[in-house]
Amino acid sequence: MSTTVQRTPAPHVAPESRSAQVAAYTFATVRLLLAFEFLWAFFDKTFGWGKATPAEGAWISGGSPTTGFLSHVEGPFGSFFGGLAGNAVIDWLFMLGLLGIGAALALGIGMRIAAGAGALLMLLMWLASMPIAVNPFVDYHLVDAVLLVGLAAISAGDTLGLGARWARTSVVQRYPVLR
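Residues numbered from 1 in each chain as written. Predicted model: local features only at pLDDT ≥ 70, side-chain atom pairs only at ≥ 80, totals over all residues. Heavy atoms only, no water.

Novice: Explain the environment of Asn135 to me, using residue names and the numbers behind them.
Specialist: In this structure, Asn135 sits in the loop between helix H5 (111-128) and helix H6 (140-153). On the basis of relative accessible area, Asn135 is assigned to the partly exposed category, the value being 28%. Polar side-chain contacts of Asn135 include one of 2.9 Å to the backbone nitrogen of Phe137. A distance of 3.1 Å separates a polar atom in the side chain of Asn135 from the backbone nitrogen of Val138. (Helix = DSSP H or I, 4+ residues; strand = E, 2+ residues; numbered from the N terminus. Buried < 20%, exposed > 50% of the residue type's maximum accessible area, 1.4 Å probe, protein only. Polar contact = N/O pair within 3.5 Å; in protein donor to acceptor, adjacent residues only side chain to side chain.)

Novice: So what about the pattern of salt bridges? Which residues, and what values?
Specialist: Considering all chains together, one arrives at one salt bridge under this definition. Across the pair Asp158 and Arg179 runs a salt bridge whose closest N-O atoms are separated by 2.9 Å. Note that Asp158 is positioned in the loop between H6 and helix H7 (163-167) and Arg179 in the segment after helix H8 (170-174), a separation of 21 residues in sequence. Judged by its relative accessible area of 30%, Asp158 is partly exposed. Arg179 sits in the buried class, given a relative accessible area of 19%. (Salt bridge = Lys/Arg side-chain N within 4 Å of Asp/Glu carboxyl O.)

Novice: An account of the packing of aromatic side chains is requested, with residue identities and associated values reported.
Specialist: Under the criterion given, the structure shown has nine aromatic pairs. Taken together, a centroid distance of 5.0 Å and an interplanar angle of 75° make the contact between Phe80 and Phe81 edge-to-face. Through a chain of ring-to-ring contacts, three or more aromatic side chains come together here, namely Phe36, Trp40, Phe42, Phe43, Phe47 and Trp49. (Phe/Tyr/Trp six-rings, centres within 6.5 Å; stacked < 30°, edge-to-face > 60°.)

Novice: An account of H5 is needed here, citing residue identities and associated values.
Specialist: Between the first and last C-alpha of H5 there are 25 Å, a value that for 18 residues agrees with the 26 Å anticipated at 1.5 Å per step. Three or more residues of H5 are buried, namely Met111, Ala114, Ala115, Gly118, Ala119, Leu121, Met122, Met125, Trp126 and Ala128. (Expected span 1.5 Å × (residues − 1).)

In structure tokens form, the structure reads like this:
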């Protein structure tokens, strides 16, 4: 008694489809890396994990999350950004921005608002970085701003995220800006 196992051939995946899958997962990975960047900044500034923020400078220890960066701004926008350093309203807006943008990117939801807010934050930080020491124009703040807009435009939250499910909710159907 012999048993013959019949094998079903693997479905052929067109090269375009494989490329689209690779692109979708690549951009989902970029989204998750940016989420980590924003969330790390939030938690490091909140708890002072000793990377960019020492424990004594932590927000929960009475430190200001904006003072370290903004008080050292030089260049054409130094006086503007220096005047914002340590302002409680600016501290709260900055920290809520880091948390909200990071959470939205991690979950893949609210990508349009997260991209807009994140791009604005990155552009402001890019302006505060002027003059840039290693390149006359480009640094990672500018690259991140452009990436955020692109990730929202291609719905990068749909892959490895809750974006597709979020898009089907009635509130997002009614207010597509929440996509």
